[in-house]
Amino acid sequence: MTALAPQDLDRAACAARDAADPLAALREQFDLPPGVNYLDGNSLGVLPRATAARVHDVVTREWGQGLIRSWNSAGWIELPRRVGDKIGRLVGAAPGELVVADSTSVNLFKVLSAAARIAQADDAARRVIVSERSNFPTDLYIAESVAAQHGMTLELLDIDAIPARLAPGAGADVAVLMLTQVNYRSGRMADMAAVTALAHAAGALMLWDLAHSAGAVPVDLNGADADFAVGCGYKYLNGGPGAPAFCWAHPRHAERFWQPLSGWMGHAAPFVFEPGYRPAPGIGRYLCGTPQVIGMSALDCGVDTVLAAEPLGGMAALRAKSVALSELFIALVRRHLAGSGLTIHTPLDAARRGSQVSLGVPADGSVDGYAVMQALIARGVIGDYRAGDGSAAEPHLLRFGFTPLYTRFQDVFDAVEALAEVLARGEWREERFARKSAVT
Ligand SMILES: *Cc1c(COP(=O)(O)O)cnc(C)c1O
């Protein structure tokens, strides 16, 4: 990492960086509650100012007044493709290649099923889906089911063991490599082009989950020659709770297989109402049922907040700020939390991390990470907690996400200062911070 001088680490220096930040005005797009320092945009993005009015208009005018006519007059039927094309600009997909639909889990089922079927059709000896052991569990659960349905096995490896598994001679049985580009626990980011090339050299297909990438880091699916991708609408894309997700297939695959959820919106002519399924051309066949119009309209507003950075340098400029924010966080943690026992569980090399930094709780159990996060939230600093197995290799984690659209350098300073105080004063030991809610 680049060294930050001590004089760069005081609050005034952070405020000066905010004052000089060419992206600072993008924060005005959001309705942030006063007194909240929000560092959890990697789990749920904040509310864009435009969203409430848009949803109100969709409900009262388009639905209330337009009724069924709005499928045409308000363009509802086009939403999956129109919002999909906007997201495509952020992830290197050409217009018409990416659609918005369903949830990330459901989209993963669709594209992984397609990938498994294509791999098997090309070479029946390929019977293994490979993924990372610490991938987000829903991805692994879906892969378990897809593997079972295709007579395949799911093999889970540590990320560093994957190159050897795909080495010449070792990867001939691998059908699909499925990875999340930025790991939800460690924040470690894979080199999409290099890993895709590795999978292809082994004859395997490459599927990327962009849940922690889209809107957070520059992505070029076509440039990397990836095969399939899915991603999430409610994290860095600010689409709101339960926002629809997206899926992409490289055009070379889009027409080879109709994905298993063959609903009418993926039919070539849904309003002809014929009894047999004929898949729509291209990515259209990855749609299934009626689009979630209200949720997609909210997602549209969220995606617009990211596209608003285009005149200011786009994803490259957002990435530069994200790296600067996480570098500052790491430097401040080292300075203020050196004796705390917390470890930095995210790669120190900025090129190998996404837009979050995770701190590991000491394996000796001296600090209750869950309670620390609750005490921090009580102070208005919102990150989140992810349980590990408590070992040094997979510690319980305090996660902090940096969203360059609205996170300021002074927010990073305040968060580390608050964390240091929570630990130094033992605030987290208060009984109320130990009570667990359903969602952590
Ligand atoms: C957030 C996330 C999901 C979310 O899936 P849903 O179907 O929306 O619940 C899936 N995969 C990864 C890697 C994620 O980070």
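Residues numbered from 1 in each chain as written. Predicted model: local features only at pLDDT ≥ 70, side-chain atom pairs only at ≥ 80, totals over all residues. Heavy atoms only, no water.

*Asks:* I'd like a description of the state of the cysteines, backed by residues and values.
*Replies:* Counted according to the given criterion, the structure contains zero disulfides. For Cys-288, which is in no disulfide, the shortest distance to another cysteine sulfur is to Cys-247 and amounts to 11 Å. Just so you know, Cys-301 is unpaired, no disulfide at all, and the nearest cysteine sulfur is the one on Cys-232, 17 Å from it. (Disulfide = S-S within 2.5 Å.)

*Asks:* Describe the packing of helix α12 (residues 314-336) against helix α14 (residues 409-424), naming the residues involved and giving the relevant values.
*Replies:* Axes are the key here: two packed helices are described by the angle between their axes and the distance separating the axes. With their axes 9 Å apart at the nearest point, α12 and α14 run at an angle of 25 degrees to one another. On the basis of the axis angle, α12 is roughly parallel to α14. Regarding α12 and α14, the two cross each other, and that crossing is right-handed. Residues Lys-321, Ala-324, Leu-325, Leu-328, Phe-329, Leu-332, Val-333 and His-336 of α12 lie in contact with α14, whose contacting residues are Phe-409, Val-412, Phe-413, Val-416 and Ala-420. Along the lines of polarity and charge, the residues of the contact of α12 with α14 split into eleven nonpolar, one polar and one charged. (Axes fitted to C-alpha atoms, helices over the stretch in contact; angles between N-to-C directions. Helix = DSSP H or I, 4+ residues; strand = E, 2+ residues; numbered from the N terminus. Parallel < 35°, antiparallel > 145°, perpendicular 65-115°, else oblique. Left-handed = near helix turned anticlockwise from the far one by under 90°. Contact = heavy atoms within 4.5 Å. Nonpolar A, V, L, I, M, F, W, Y, C, P; charged D, E, K, R; others polar.)

*Asks:* Outline the site of the ligand, listing residues and values.
*Replies:* Contacts to the ligand come from Ser-103, Thr-104, Ser-105, Phe-136, Thr-138, Asp-139, Thr-180, Asp-209, Ala-211, His-212, Tyr-234 and Lys-235. Within the side chain of Ser-103, one N or O atom sits 3.5 Å away from an oxygen atom of the ligand. Take Ser-105: an N or O atom from its side chain is 2.6 Å from an oxygen atom of the ligand. In isolation the ligand exposes 390 Å². Once the protein is present, 86% of that is buried. (Near = heavy atom within 4 Å. Polar contact = N/O pair within 3.5 Å; in protein donor to acceptor, adjacent residues only side chain to side chain. Areas by Shrake-Rupley, 256 points an atom, 1.4 Å probe, with all protein chains shown as cover.)

*Asks:* Give a description of the packing of aromatic side chains that names residues and reports values.
*Replies:* Given two aromatic rings, their pairing is described by the distance between the two centres and the angle made by the two planes. A complete count under the given rule lists nine aromatic pairs for this structure. With a centroid separation of 5.1 Å and an interplanar angle of 65 degrees, the aromatic rings of Phe-30 and Tyr-406 are classed as edge-to-face. Of this pair, Phe-30 sits in the loop between α1 (11-20) and β1 (37-38) while Tyr-406 is found in the loop between β13 (397-401) and α14, placing the two residues 376 residues apart along the sequence. Residue Phe-30 shares its accessibility class with Tyr-406, and that shared class is buried. With centroids separated by 5.2 Å and ring planes inclined at 55 degrees, the aromatic side chains of Phe-329 and Phe-402 adopt a geometry described as tilted. One end of the pair, Phe-329, is in helix α12; the other, Phe-402, is in the loop between β13 and α14, and 73 residues separate them in sequence. Taken individually, Phe-329 and Phe-402 each receive the classification buried, so the pair is uniform in this respect. (Phe/Tyr/Trp six-rings, centres within 6.5 Å; stacked < 30°, edge-to-face > 60°. Buried < 20%, exposed > 50% of the residue type's maximum accessible area, 1.4 Å probe, protein only.)

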